[in-house]
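Results of the structural survey
Each chain, letter by letter, is given below.
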Amino acid sequence: LDLAILKHGVNLLDTAEQYPIPSGGAKAKEGDSERLIGKWLNDRKGSVKRENVVIATKITGGKNITPKNIKQDCIGSLKRLGTDYIDVYQMHWPQRYSPQSNWGQSLSYSIESDADPYWRAGGGPTSFEDICLAMENLIQEGKIRGWGLC
């Protein structure tokens, strides 16, 4: 980070609450990447201004994407990053039943997947409208500047 940001002008840090992957071992735990960035920023308060660094982080996708978890997980990321706001808060594939080839799944969409008990047991996937409202609330509260999905 010192070389990239302090010497070569990089200003975007992209991370996620679930990084590093794989996690769960004795050495790597979810949130470690955010913690590392937060520590780095804190240790360099004199030489790195927060407003000069763009921080993008992500909430874990799938059934985790609910209005309650969007806020709760954002607050967790803010604490780990040691900052008052996130520039870009993204969602990792909020509707996991949708096609995605990067995990070896087919790119064809199956409407039957929408009725899968995995989703319906919890009331189904969160509506896009509810996602938008939850993200807008975070913007209004000053916790995030913008949002997206990846």
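Provided above is the structure to which this section pertains.
The shown structure was predicted, so the numbers you read here are calculated from the model rather than taken from an experiment.

1. Description of helix α2 (residues 32-43)
Between its terminal C-alpha atoms α2 stretches 16 Å, which fits the 16 Å expected from twelve residues at 1.5 Å a residue. At its buried positions, α2 is contacted by α1 (2-8), β1 (12-14), β2 (54-59) and α3 (67-81).

2. Details of the layout of surface pockets
By volume, the largest pocket amounts to about 170 Å³. G38, L41, N42, K45, V48, K49, R50, G82 and T83 together form the lining of the largest pocket. For the lining of the largest pocket, a count of residues per class yields two nonpolar, four polar and three charged.

3. Some words on the side chain of D87
Following the sequence through the fold, D87 ends up in strand β3 (residues 86-91). Here D87 falls in the buried class, since its relative accessible area comes to 13%. Separated by 2.8 Å, the side chain of D87 and the backbone nitrogen of I55 make a polar contact. Beyond its immediate sequence surroundings of up to four residues, D87 is in contact with R50, V53, V54, I55, R145 and G146.

4. Section: the sheet that holds β2
In spatial order, the strands read β1-β2-β3-β4; together these four strands make up an open sheet with parallel pairing. Strands at the two margins of the open sheet, each flanked by one partner only, are β1 and β4 (144-149). Pairs of neighbouring strands in the sheet enclose a mean axial angle of 20 degrees, with direction left out of account. In terms of strand pairing, β3 meets β4 through five bridges, oriented parallel. Counted as the bridge partner of I86 is I144 from β4. The sheet contacts of helix α5 (residues 128-140) involve β3 and β4, and relative to β4 the element is tilted by about 155 degrees.

5. Focus: the side chain of R50
With respect to the helices, strands and loops of the structure, R50 is situated in the loop between α2 and β2. A distance of 2.5 Å separates a polar side-chain atom of R50 from the backbone oxygen of V53. A distance of 2.9 Å separates a polar atom in the side chain of R50 from a polar atom in the side chain of D87. If we ignore the near neighbours within four places in the chain, the residues touching R50 are I55, T83, Y85, I86 and D87.

6. With respect to the pattern of salt bridges
A full pass over the atoms with the stated rule returns nine salt bridges. Between K71 and E141 there is a salt bridge, and its shortest N-O distance comes to 3.1 Å. Residue K71 is found in helix α3, and its partner E141 is found in the loop between α5 and β4; the two are separated by 70 residues along the sequence. For E141, a relative accessible area of 39% corresponds to the partly exposed category. Via salt bridges that share partners, E17, E34 and R80 belong to a single interconnected network.

7. Considerations on α5
Along its 13 residues, α5 runs 18 Å from first to last C-alpha, staying within 8% of the 18 Å computed at 1.5 Å per residue. Within the sequence span of α5, burial applies to I131, A134, M135 and L138. In an axial view of α5, the angular spread of the buried residues amounts to 95 degrees, which keeps them on one side of the axis. Every exposed residue of α5 that faces more than 90 degrees away from the buried side is listed here: E129 and Q140. Buried positions along α5 lie against α3, β3 and β4. Among the residues trailing α5, G142 stands out with phi positive, at a value near 80 degrees.

The rules behind the values
- Residues numbered from 1 in each chain as written.
- Predicted model: local features only at pLDDT ≥ 70, side-chain atom pairs only at ≥ 80, totals over all residues.
- Heavy atoms only, no water.
- Helix = DSSP H or I, 4+ residues; strand = E, 2+ residues; numbered from the N terminus.
- Expected span 1.5 Å × (residues − 1).
- Contact = heavy atoms within 4.5 Å.
- 1 Å grid on protein atoms, 1.4 Å probe; cavity = no way out; pocket = protein on both sides within 12 Å on 5 of 7 lines; lining within 4 Å.
- Points joined across faces, edges and corners; volume = space filled by probe spheres on them.
- Nonpolar A, V, L, I, M, F, W, Y, C, P; charged D, E, K, R; others polar.
- Buried < 20%, exposed > 50% of the residue type's maximum accessible area, 1.4 Å probe, protein only.
- Polar contact = N/O pair within 3.5 Å; in protein donor to acceptor, adjacent residues only side chain to side chain.
- Pairing = 2+ DSSP bridges.
- Axes fitted to C-alpha atoms, helices over the stretch in contact; angles between N-to-C directions.
- Salt bridge = Lys/Arg side-chain N within 4 Å of Asp/Glu carboxyl O.
- Arc of directions from axis to C-beta.

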